[in-house]
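Each chain, letter by letter, is given below.
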Amino acid sequence: MLFIPYKRYPILFCFKTGRSLTLQHILYLDFIDSASLLKSVGGGDGVGTPALEKAMAGQELSYKDGLQLMNEENLFLLGAAADNIRKYLKGNSVTFVASYYLNYTNVCAASCPLCAFYRKGNDADAFTLSTEQILTRARIAIKEMGSTELHIVGGFHPKLGLDYYENMMRAIKAEFPSIVIKALTPAEIFFISRLTRNSVKEVLLRLKAAGLDALPGGGAEIFDPEVRDIIVRGKCSSEEWLDTARQAHELGLKSNCTMLFGHVEKPEHVVDHILQIRELHKKTRGFTTFIPLKFSLENTELEKSNIIKTESPSTYDLRVIAVSRLLLANVLNNVSVYWVALGKKLAQVALSYGGNDMVGTAYSEEIFRAAGKDTGTSIQELVSLIKEIKREAVQRDTFFNIIRRFN
Ligand code: SF4
């Protein structure tokens, strides 16, 4: 076989069959890895954009570099570079957590155009779980499904006091002291703070005393204020989200962080968002992983009002994941692929574009289900998906400590 660099699109030519393969095909062949691929096509030798060369040299990328990668870089080279750096930083394993999603209410004082989940209090299908109902679900999650983490998020309920959340967490910890409670995004914490007239710090301290171990990273959406104005309504600002996450980290509460992409944002908003995450993480070291979330359109106001007609193409999704890996390299080294939003097959591909984590089993996830996504899986299925792409499946806890390896 022979590698033929054609412009910036290398082609693999087989003398025996007379067939040629594009770089995309090559990435999925077992006999070659991304490192040798890049070398073979001259990566690190002036073939990629200057930004890609910088990334390959291990240099920190600027806003301008990020834009160049989003706008100009060849996708396959970008993916190969991100895969190569992922391998260097995180090895061959793909991690996930056994996590049960507990959506305690869908009642929400906000009404974000991006959301298919929220209801108003008098809607027929509005719900709010009691502490006893939450305990019943926690028992199923922990005893029957082997969950090590309860991921608890909901709407901005206008009538639930801080005691509702404290009672929920105390009751769970009384029965299951070792379960990790990862609950309430910075956006929810900020809302509760305003609603109950407590400072963010006071809310966090009281919840931590009641059993809160970590925060999920939702509600970040996109930090750019103009884009945010189009996709959210009644949610905290980006500054408030970042400040709440910072305060949580300073109190010893780790969190993940997210970015919702694939709606009305432009490449500059993606780059700006990731860099703001990078800067906060440099200060607090409080994020566990970065999760780029692909926007799901079905049943949202953005769909009904025709502002968005289709979901983003897979090529864009892969680009965002690869750029996330390169912009965050050496600062925040876990980049998660959320299979619920991407779909299981594209999630497998994304693991070759910089992803090293599959988030989790997400048992009982309701929010993306409301937007038409298939949210069911099992530990066995995640392990199979990872093994199919010749990577090692590793079950982790919330904080990325290894629980079990599936060889
Ligand atoms: S995204 Fe969150 S805050 Fe916005 S409407 Fe939905 S549940 Fe409420």
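Residues numbered from 1 in each chain as written. Predicted model: local features only at pLDDT ≥ 70, side-chain atom pairs only at ≥ 80, totals over all residues.

K.L.:
I'm lost on the overall build of the protein in this one. Help?
P.N.:
Counting its secondary structure elements, the protein contains 18 helices and 13 strands. Within the protein, contacts between residues separated by at least 24 positions form 75% of all contacts whose residues are at least 6 apart in sequence. (Helix = DSSP H or I, 4+ residues; strand = E, 2+ residues; numbered from the N terminus. Contact = placed C-beta atoms within 7 Å.)

K.L.:
I would appreciate a short explanation of the packing of helix α5 (residues 75-90) against helix α14 (residues 314-328) in the present structure.
P.N.:
Pairs of packed helices are described in terms of their axes, by the angle between the two and the distance that separates them. Two numbers describe how α5 lies on α14: the axes approach to 9 Å, and their chain directions differ by 40°. Taken as axis vectors, α5 and α14 run oblique relative to one another. When you trace α5 past α14, the crossing you get is left-handed. Together, Leu75, Leu78, Gly79, Ala81, Ala82, Ile85 and Arg86 of α5 and Thr315, Leu318, Arg319, Ala322, Arg325 and Leu326 of α14 make up the contact between the two elements. Per-class residue counts for the contact of α5 with α14 are 8 nonpolar, 2 polar and 3 charged. (Axes fitted to C-alpha atoms, helices over the stretch in contact; angles between N-to-C directions. Parallel < 35°, antiparallel > 145°, perpendicular 65-115°, else oblique. Left-handed = near helix turned anticlockwise from the far one by under 90°. Nonpolar A, V, L, I, M, F, W, Y, C, P; charged D, E, K, R; others polar.)

K.L.:
What should I look at first to understand the site of the ligand in this one?
P.N.:
Taken together, Cys108, Ala110, Ser111, Cys112, Cys115, Phe117, Tyr118, Gly155, Phe156, Val232 and Lys235 are the residues near the ligand. Considering only residue class, the shell around the ligand consists of 8 nonpolar, 2 polar and 1 charged. (Near = placed C-beta within 6 Å.)

K.L.:
Before we go on, may I ask you to explain the nonpolar core in this structure?
P.N.:
Across soluble globular proteins, you tend to see nonpolar side chains buried next to one another. Counting 120 residues, the largest nonpolar core has Ala81, Leu150, Ile181, Leu326, Val337, Tyr338 and Ala350 as its most contacted members. The element that contributes the greatest number of residues to this core is α14, accounting for 8 residues. Beyond its immediate sequence surroundings of up to four residues, Ala350 is in contact with Leu318, Ile321, Val337, Leu342 and Gly355. (Core = buried A, V, L, I, M, F, W, Y, C linked by C-beta atoms within 7 Å. Buried ≥ 20, exposed ≤ 12 C-beta atoms within 10 Å, placed from the backbone.)

K.L.:
What should I look at first to understand the pairing of strand β13 (residues 402-406) in this one?
P.N.:
Working note: regular strand, side chains alternate between the two faces of the sheet. Of all 5 residues in β13, 0 are buried, a share of ten percent or less. The pairing of strand β12 (residues 392-396) with β13 spans 4 bridges and is antiparallel. For Arg396, the partnering residue across the bridge sits in β13 and is Ile402. Linking two consecutive strands that pair antiparallel, namely β12 and β13, is a turn of 5 residues; a positive phi of about 70° is found at Phe400 within it. (Pairing = 2+ DSSP bridges.)

K.L.:
Would you take a moment to explain the confidence of the model for the protein for this structure?
P.N.:
The predicted structure's coordinates, where accompanied by low pLDDT, should not be read in detail. Scored by pLDDT, the protein comes out at a mean of 90, with 89% of its residues at no less than 70. Confidence drops under a pLDDT of 50 for residues 1-32, and excluding neighbours within four residues, the segment shows 42 contacts in the predicted structure. (pLDDT = per-residue confidence, 0-100.)

K.L.:
Is there a simple way to think about helix α8 (residues 186-196) in this case?
P.N.:
An α-helical segment advances 3.6 residues per turn. Residues three or four places apart therefore align on the same side. Among the 11 residues of α8, 8 are classified as buried, and the element is accordingly described as predominantly covered. Taken together, the buried positions of α8 are Pro186, Ala187, Glu188, Ile189, Phe190, Phe191, Ile192 and Ser193. Each element contacted by the buried residues of α8 is listed here: β6 (149-153), α7 (162-175), α9 (200-210), β8 (214-215) and α11 (238-250). Taken from the residues just after α8, Arg197 is the one with a positive phi, measuring 60°.

K.L.:
Looking at this model, I keep getting lost on the sheet that holds strand β4 (residues 93-97). Mind explaining?
P.N.:
The strands making up a sheet associate through backbone hydrogen bonding, with each pair oriented either parallel or antiparallel. Judged by pairing direction, the sheet is mixed, and its 4 strands sit side by side in the order β11-β4-β12-β13 without closing on themselves. Each having just a single partner strand, β11 (357-360) and β13 make up the two edges of the open sheet. Averaged over all adjacent pairs, the angle separating strand axes in this sheet is 20°, with direction ignored. Of the strands in this sheet, β4, β11, β12 and β13 touch helix α18 (residues 379-388), which is tilted by about 145° from β12.

K.L.:
Could you clarify how one ought to interpret unusual backbone geometry in this entry?
P.N.:
One non-glycine residue, Asn299, lies in the positive phi region at around 70°. Tracing the chain through its elements places Asn299 in the loop between β10 (287-294) and α13 (301-304). Here the phi dihedral of Ala362 falls at roughly 50°; this positive angle occurs in a residue that is not glycine. Note that Ala362 resides in the loop between β11 and α17 (367-370).

K.L.:
Can you help me understand the packing of helix α6 (residues 131-144) against α7 in this one?
P.N.:
Two numbers describe how α6 lies on α7: the axes approach to 10 Å, and their chain directions differ by 40°. For the pair α6 and α7, the crossing hand works out as right-handed. Here Thr131, Ile134, Leu135 and Ala138 of α6 lie close against α7, whose contacting residues are Asn167, Met168, Ala171, Ile172 and Glu175.

K.L.:
Can you help me understand the environment of Thr148 in this one?
P.N.:
Structurally, Thr148 is set in the loop between α6 and β6. Placed 248 residues apart in sequence, Thr148 and Arg396 show a C-alpha to C-alpha distance of 9.1 Å. With sequence-adjacent residues up to four places away left out, Thr148 is seen in contact with Val97, Ala98, Ile179, Val180, Asp397 and Ile403.

K.L.:
Explain α9 here, please?
P.N.:
For α9, the full list of buried residues reads Val200, Val203, Leu204, Leu207 and Ala210. Buried residues in α9, looked at end-on, bunch into an arc of 125°, giving them a common side. Looking at the buried side of α9, the elements it contacts are α7, α8 and α11. One or two steps after α9, the chain reaches Gly211, where phi turns positive at roughly 130°. (Arc of directions from axis to C-beta.)

K.L.:
Which parts of the structure should I look at to understand the environment of Gly217?
P.N.:
Here Gly217 lies in the loop between β8 and α10 (225-231). For the pair formed by Gly217 and Thr288, sequence separation is 71 residues and the distance between their alpha carbons is 9.7 Å. Sequence-distant contacts of Gly217, that is, excluding residues within four places in its chain, are made with Thr185, Ser255, Asn256, Cys257, Thr258 and Ile291.

K.L.:
Can you walk me through the environment of Thr49 in this structure?
P.N.:
You can see Thr49 is positioned in the loop between α2 (34-40) and α3 (50-56). What makes Thr49 partly exposed here is the crowd of 19 C-beta atoms within 10 Å. Excluding its chain neighbours within four sequence positions, the residues that come into contact with Thr49 are Gln68, Leu69, Glu72 and Glu73.

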